[in-house]
Amino acid sequence: MLRLLATSSSRRLNTSVRSISWRTFSSSVLDEPRESMPFDVLIVGGGPAGLAASIRIKQLCAEKDMDLSVCVVEKGSEIGAHVLSGNVFDPRAMNELFPDMTGSDNHWTKVFQEEQGSHATPVSEDKFMILSETGSVSIPNFLLPSQLHNDGNYVISLGQVCRWMATRAEELGVEIYAGFAASEVVLNDAKNGVRGIATRDVGIGKDGEPKETFERGVELHARQTLFAEGARGSCSEDIISHFNLRDGVAPQTYGLGIKEVWEIPEEKFQSGFVQHTLGYPLQSSPMSKTYGGTFLYHQEPNLVLAGIVVGLDYDNPYLNPYKEFQRWKTHPDIRTHFEGGTCISYGARVLNEGGYHAIPRLTFPGGALLGCSAGFLNAVKIKGSHTAIKSGIVAAEVVFDSLADLTPVAETGELDTSEELKEVTGYGDGMKKSWVNDELYQVRNCHAAFAKWGTLGGLVYTGIAAHVTKGREPWTLSHDGGRDADATQPADKFQPITYPAPDGIITFDLLTNLQRSGTYHEDDQPAHLRIKPEFADVPKSISMQKYAAPEIRFCPAGVYEYVDEEKPDKDGTIQKKLVINAQNCVHCKCCSIKMPHEYINWTVPEGGGGPQYQVM
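- An unreviewed UniProt entry annotates the chain as Electron transfer flavoprotein-ubiquinone oxidoreductase of Attheya septentrionalis.
- Quoted straight from UniProt, the Function (unreviewed entry) entry for the chain says "Accepts electrons from ETF and reduces ubiquinone."
- Word for word, the UniProt comment on the chain under Subcellular location (unreviewed entry) is "Mitochondrion inner membrane".

In structure tokens, the structure reads:
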């Protein structure tokens, strides 16, 4: 692995400083010090926030005639492979990042299409509907919150946009290492600052022993390490816990997004059509407290991007988000968009829904949280890419200023590990002064309104906040539900839900759709989904017995199943045991959030594993 990293870098390789590891193996070779590589700035995650930060730092380097070394490490096999989003794209932050690419002749959308072969399709029609089981009612746009209006936005593939941004970053001199998973946070000796990260060892068998292909991971050290892993990133969560960054803020809540991409006949295609719905199938009455809705977008040349977002604070353990999505596609006003078409891609990812009240402290000595690692998604607007990019820009400018008086690593090839780790608190201040803060503050109470008063109450409150108070209400509606895992109620309070069988044309069984995600993991490696030792008895004694095993329904990749034990108990009873099919995992992170007692520890597998999204 070190040789692979070193081929494109002249930086000197050093032996390891102190690292904090959450994994141990029996072989002594796994305890040997790692070699390391130094950078001025290290960015963990090749999504919109991380790439924007890398680009902005290098833009400032060019303006100020300075050569800071910037590295982006990404666990996906390539940039974009793990990126999934709706996506109706608000271009505000992208225009700020590329101010010289906003003219009609060289607009970034035009350059993006020419270079990436993917379209940024201008929104042409904006529709919002409330569905019943057989009918629908459209809400006039003038009654909708302004943040739901999509004039000037584009229907895009965010994965393709990230690939294009990566090309821009590399042209500026950013070093991008895809296929290398950040598995551990490297702390300084005092454990009060972040030195960087360590990439995952590869070539370890299921038995925990090194194979012939074993390669020790590498430590990547930096003066500033920016975590941009997306929602529920594993390193980001460790950082938040270690530095108590959530102290004094509301717990983060999440939604699970499930998405398909279809190719449809030309006569059915409506370029730039955007539709969102509430009601059927998630909400059966105006007072339903199941938070979520659906989206359907038409992207050039002939694609339909469709999906569902289900708030993970739902209470019914029998609810199956994947099957709710399949059922939605059969609605008479929806299925017409898919008839005659072909589903070409499938995937899933969690997203932040806590909003303004759940944003943690953003900085710590040696680094910061960016994008959805921090939680900047606007759930009312149903967008987070623009806020992620803006957070990357703001962080980059503050980080650059903090390093301006230091000798760049690129000049010395070394990083003094005794150098003080700065906390760039100006980043948090900058975000509070930005339009991101204004946007999130305006809708800060809307999610809680849905949780307290159901769909109708939430819609009414959101309308008042959008048209009357515009965020100036002098009160705060707190989200009292705590963790999403704790929102699940015992199964004996509900009846099992019967879902229609898939027809193989409009609706599909889960494993058939999973093939469309391109998911692959090396089979002979330790499972990256691990039951926390202190909760070893939860699957059998609590999840199955009390909650009817909700993990077999909420996982959008069929990772979890209960099978019969090989031998019966002494009384002849055959018990069930949990089987974890980690090779199916699409890295959505849902299991780390919704499991009873949060009994799963989501860790990274070998780099390059997971989904291989192309048009998500």
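**Section: the packing of helix H2 (residues 48-64) against helix H10 (residues 385-403)**
Okay, so step 1: At their nearest, the axes of H2 and H10 sit 7 Å apart, and the two run at 40° to each other. In the crossing of H2 with H10, the sense of the turn from one axis to the other is right-handed. Facing H2, whose interface residues are Pro48, Ala49, Ala52, Ala53, Arg56, Ile57, Leu60, Cys61 and Lys64, H10 presents Ser385, Ala388, Ile389, Ser391, Gly392, Ile393, Ala396, Glu397, Val399 and Phe400.
Okay, so step 2: Here the residues of the contact of H2 with H10 sort into 13 nonpolar, 3 polar and 3 charged.

**Here's the deal with the side chain of Arg444**
Okay, so step 1: Mapping Arg444 onto the fold places it in the loop between helix H13 (435-442) and helix H14 (446-469).
Okay, so step 2: The buried charged residue Arg444 lacks any salt bridge partner; its closest oppositely charged side chain belongs to Glu473, at an N-O distance of 4.3 Å.
Okay, so step 3: Looking at Arg444, its side chain comes within polar contact range of the main-chain oxygen of Glu473, at 2.5 Å.
Okay, so step 4: Discounting residues that sit within four places of it in the chain, Arg444 has contacts with Tyr356, His357, Gly471, Glu473 and Trp475.

**Let's talk about the sheet that holds strand E16 (residues 273-279)**
Okay, so step 1: If you trace the 7 strands from one edge of the open sheet to the other, you get E7-E6-E16-E17-E18-E15-E19, paired in mixed fashion. Each of the sheet's edge strands pairs with one partner strand only, and the pair in question is strand E7 (136-138) and strand E19 (342-352). Neighbour-to-neighbour, the strand axes of this sheet turn through a mean angle of 20°, independent of strand direction.
Okay, so step 2: Relative to strand E18 (residues 303-311), strand E15 (residues 254-263) runs antiparallel, the two sharing 9 bridges. Pairing of Gly257 across the sheet is with Val309, part of E18.
Okay, so step 3: In the packing of helix H7 (residues 321-328) onto the sheet, contacts are made with strand E6 (125-131), E15, E16, strand E17 (292-299), E18 and E19, and the angle to E18 comes to roughly 135°.

**Structural notes on the side chain of Lys75**
Okay, so step 1: Secondary-structure assignment places Lys75 in the loop between strand E3 (70-74) and strand E4 (88-89).
Okay, so step 2: Glu74 provides the closest opposite charge to the buried, salt-bridge-free Lys75, at an N-O distance of 5.6 Å.
Okay, so step 3: Within the local environment of Lys75, its side chain forms a polar contact with the side chain of His82, the two groups lying 2.9 Å apart.
Okay, so step 4: Looking at Lys75, its side chain comes within polar contact range of the side chain of His587, at 2.8 Å.

**Concerning the environment of Asp238**
Okay, so step 1: Structurally, the position occupied by Asp238 is in helix H6 (residues 234-242).
Okay, so step 2: With 337 residues separating them along the chain, Asp238 and Gln575 place their C-alpha atoms 35 Å apart.

Cut-offs used in this document
Residues numbered from 1 in each chain as written. Predicted model: local features only at pLDDT ≥ 70, side-chain atom pairs only at ≥ 80, totals over all residues. Heavy atoms only, no water. UniProt positions renumbered as here; feature names shortened; annotations may be inferred. Axes fitted to C-alpha atoms, helices over the stretch in contact; angles between N-to-C directions. Helix = DSSP H or I, 4+ residues; strand = E, 2+ residues; numbered from the N terminus. Left-handed = near helix turned anticlockwise from the far one by under 90°. Contact = heavy atoms within 4.5 Å. Nonpolar A, V, L, I, M, F, W, Y, C, P; charged D, E, K, R; others polar. Buried < 20%, exposed > 50% of the residue type's maximum accessible area, 1.4 Å probe, protein only. Lys, Arg positive; Asp, Glu negative; His and termini not counted. Salt bridge = Lys/Arg side-chain N within 4 Å of Asp/Glu carboxyl O. Polar contact = N/O pair within 3.5 Å; in protein donor to acceptor, adjacent residues only side chain to side chain. Pairing = 2+ DSSP bridges.

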